[in-house]
Amino acid sequence: MQTDVGISFTDWSLHTSVVLGLIFLGGCYLLLIGPMRDRVSSIGEVSPKRAGSFFLGLFVVFVALNGPLHDLSDDYLFSAHMVQHLLLQLLMPPLLLLGLPQVTDVPMLSRLGLITFFRTMTNPIICFITFNGVLVGWHLPPLYDFALQNHNVHIIQHLTFMFVGVLAWWPVLSPSSQLPRALFPIQIIYIFAQSIPMGFLGAAITFSGSLLYTHYVNAPRVWSISPLADQQMGGLIMKSSAGLVFLLGLGLVFLAWFRHEENAQM
């Protein structure tokens, strides 16, 4: 039986690559809405609320990939890893997208012939398939354990989670008229559909009678949580959190649709 270990929530380990990456993204954002804004006439006004949303999204990444949550995720608890993944997939992406300025035209996309490619990539069907394909693929036990045993692969896993997370929310929160949001009825169907695969995956992990991920079998125990109980907690966190987030998304889209129709009738 593994000995329980103590976890400090005040001793924060920082990862230089994460911190530098966040500083870079924050700097690019400030340039885009500040000195560069006059050179890109298609960028709309950015309110403090919108800018706050973007930087809150960066802060979510900072919390997820540094400090006690990162340490618990990598070395001790599958359930903590699920919290980390959900922050990167379900919370950070909508915050970043809500924080981006409204863009009416990006000439570079047309000049490089990329507009058709990006329109295809942001099609709701492609977004659905890509997001859930990456989600399920990385949670297959061989790939999941492989990522935890190889630091570079683990970084790629997190980057792909963040990328497909942004892609998944694009049909609902796109800031670009060139790559627009889906129509409201399609958004409703899309968000409902997105909740199903993650719910099923969470349920499969929760109700599995055996340990799926060997990385955590011999990990030091935290708070006397057994590996199987930890796995079940992780599956439940995935299932319940996904349900709540997508339910909230449905409510907000219904509200936006109602306001749109109300304004159209005025």
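Residues numbered from 1 in each chain as written. Predicted model: local features only at pLDDT ≥ 70, side-chain atom pairs only at ≥ 80, totals over all residues. Heavy atoms only, no water.

What follows deals with a nonpolar patch on the surface. Taken together, Val 136, Leu 140, Leu 143 and Phe 146 make up a surface patch of nonpolar side chains, about 330 Å² in accessible area. Its place among the elements puts Phe 146 in helix α8 (residues 141-149). (Patch = residues over 30% accessible without salt bridge, like charges linked within 9 Å, V, L, I, M, F, W, Y side chains within 5 Å. Areas by Shrake-Rupley, 256 points an atom, 1.4 Å probe, with all protein chains shown as cover. Salt bridge = Lys/Arg side-chain N within 4 Å of Asp/Glu carboxyl O. Helix = DSSP H or I, 4+ residues; strand = E, 2+ residues; numbered from the N terminus.)

On to the packing of helix α3 (residues 67-75) against helix α4 (residues 78-99). Axes are the key here: two packed helices are described by the angle between their axes and the distance separating the axes. At a closest axis distance of 7 Å, the pairing of α3 and α4 adopts a crossing angle of 120°. Relative to α4, the element α3 lies oblique. Every pair of crossing elements has a handedness; the one defined by α3 and α4 is left-handed. Side by side, α3 and α4 meet where Leu 69, His 70, Leu 72 and Ser 73 of the first sit next to Ala 80, His 81, Val 83, Gln 84 and Leu 87 of the second. Here the residues of the contact of α3 with α4 are counted per class, giving 5 nonpolar, 4 polar and no charged. (Axes fitted to C-alpha atoms, helices over the stretch in contact; angles between N-to-C directions. Parallel < 35°, antiparallel > 145°, perpendicular 65-115°, else oblique. Left-handed = near helix turned anticlockwise from the far one by under 90°. Contact = heavy atoms within 4.5 Å. Nonpolar A, V, L, I, M, F, W, Y, C, P; charged D, E, K, R; others polar.)

All right, on to the nonpolar core then. Ranked by size, the top nonpolar core spans 32 residues in total, and within it Phe 78, Leu 90, Tyr 144, Ile 191 and Met 198 carry the most contacts. Looking at this core, the elements that each hand over two or more residues are α4, α7 (124-138), α8, α9 (151-173), α10 (184-206) and α11 (227-264). Tallying contributions element by element places α9 first for this core, with 7 residues. Excluding residues that lie within four positions of it along the chain, Tyr 144 makes contacts with Phe 78, His 81, Met 82, His 85, Trp 138, His 139, Gln 157, Tyr 213 and Tyr 216. Core analysis: the second largest hydrophobic core is formed by 22 residues, Tyr 29, Val 60, Leu 77 and Leu 96 among them. (Core = buried A, V, L, I, M, F, W, Y, C linked by side-chain atoms within 4.5 Å. Buried < 20%, exposed > 50% of the residue type's maximum accessible area, 1.4 Å probe, protein only.)

Taken as a whole and assessed by the stated rule, the structure comprises 11 aromatic pairs. Aromatic pair Phe 78 and Tyr 144: ring centres 5.6 Å apart, planes at 55°, arrangement tilted. Of this pair, Phe 78 sits in helix α4 while Tyr 144 sits in helix α8, placing them 66 residues apart in sequence. Taken as a pair, Phe 78 and Tyr 144 share a single burial class, namely buried. Judged by centre distance (5.9 Å) and plane angle (20°), the ring pair of Trp 169 and Phe 246 falls under stacked. Taken together, the residues Trp 169 in helix α9 and Phe 246 in helix α11 connect sequence positions 77 residues apart. (Phe/Tyr/Trp six-rings, centres within 6.5 Å; stacked < 30°, edge-to-face > 60°.)

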